[in-house]
Amino acid sequence: YIAYPPSDKKKRNFENKKLSETILTQIQLKADGIEPNGDERARSARRALIKDTQAVLAELDKLVQPGDL
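Along each chain, residue indices are assigned from 1 in the same order as the chain's sequence is written. This being a predicted model, a pLDDT of at least 70 is required before a residue's local features are given, and a value of 80 or more before pairs of side-chain atoms are given or counted; all residues contribute to the totals for chains, interfaces and linings. Where side-chain values are given, they derive from all heavy atoms of the structure, hydrogens and water being excluded.

Draft legend 1. Spatial organisation of the overall build of the protein. Helix and strand assignments follow DSSP, with helices taken as H or I runs no shorter than four residues and strands as E runs no shorter than two, numbered in order from the N terminus. Helix and strand counts for the protein stand at 2 helices and 0 strands. Here the C-alpha atoms of the protein give a radius of gyration of 15 Å, more than 25% beyond the 11 Å that 2.2 N^0.38 yields for 69 residues. Projected onto its principal axes, the C-alpha coordinates of the protein cover approximately 45 × 20 × 15 Å. In the protein, which comprises 69 residues, the proportion classed as buried is 23%. In the protein, the proportion of contacts linking residues at least 24 apart, taken out of those at least 6 apart, comes to 63%. To be clear on the numbers: accessible area is Shrake-Rupley with a 1.4 Å probe, and residue cover counts the displayed protein chains and nothing else. When the accessible surface of the protein is summed, it comes to about 5,300 Å², and 55% of that surface belongs to carbon and sulfur atoms. Radius of gyration: C-alpha atoms only; globule rule: 2.2 Å multiplied by the number of residues to the exponent 0.38. A simple rule labels every residue: compare its accessible area, found with a 1.4 Å probe on the protein chains alone, to the largest value its type can have, and call it buried under 20%, exposed over 50%, or partly exposed in between. The criterion used for residue contact is that any of the two residues' heavy atoms lie within 4.5 Å.

Draft legend 2. Representation of the pattern of salt bridges. Should a side-chain nitrogen of Lys or Arg be within 4 Å of a carboxyl oxygen of Asp or Glu, the pair is scored as a salt bridge. Counted by the stated rule, this structure contains 4 salt bridges. Note that R46 is salt-bridged to D32, the shortest N-O span being 3.4 Å. Of this pair, R46 sits in helix α2 (residues 40-62) while D32 sits in helix α1 (residues 9-32); the two residues are 14 residues apart in sequence, bridging distant segments of the chain. By relative accessible area, which is 25% here, R46 ends up partly exposed. The class of D32 is partly exposed, set by a relative accessible area of 43%. E40 is the salt-bridge partner of R43, the closest N and O atoms lying 3.9 Å from each other. Here R43 and its partner E40 are both found in helix α2, 3 residues apart, which amounts to about one turn of the helix. Classification of R43 as partly exposed rests on a relative accessible area of 43%.

Draft legend 3. Summary view of the packing of α1 against α2. Under this scheme, a helix contributes an axis fitted over its contacting stretch, all axes are lines through C-alpha atoms, and angles between N-to-C directions fall in the 0 to 180 degree range. In contact at an axis separation of 10 Å, α1 and α2 are set at 170° when each is read in the N-to-C sense. When the interaxial angle is binned, α1 and α2 end up roughly antiparallel. Contacts between α1 and α2 involve N16, L19, S20, I23, L24, I27, Q28, A31 and D32 from the former and R46, L49, I50, T53, Q54, V56, L57, L60 and D61 from the latter. In the contact of α1 with α2, the residues fall into 10 nonpolar, 5 polar and 3 charged. An angle below 35 degrees is read as roughly parallel, one above 145 as roughly antiparallel, one from 65 to 115 as roughly perpendicular, and any other as oblique. Under the grouping applied here, Gly and all other residues not named as nonpolar or charged are polar, the nonpolar ones being Ala, Val, Leu, Ile, Met, Phe, Trp, Tyr, Cys and Pro and the charged ones Asp, Glu, Lys and Arg.

Draft legend 4. Fine view of unusual backbone geometry. Backbone geometry places N37, a non-glycine residue, at a positive phi of 45°. By secondary structure assignment, the location of N37 is in the loop between α1 and α2.

Purely spatial values, then, with no claim about function.
Written out as structure tokens, the structure reads:
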């Protein structure tokens, strides 16, 4: 999707919303539920996962013009 977004504005917006919601619910919310319990490796991995998903969400946002959603 990021490499070849749909040219149709409506389809692009739909796919953007779908992907963003999937990332938020399937990755970020589940990662928020991880309790590292003092394990620094687990904490660092969780933090890296959150940063990676935030970067992907930012890339998705760049594909949609303000006011399109």
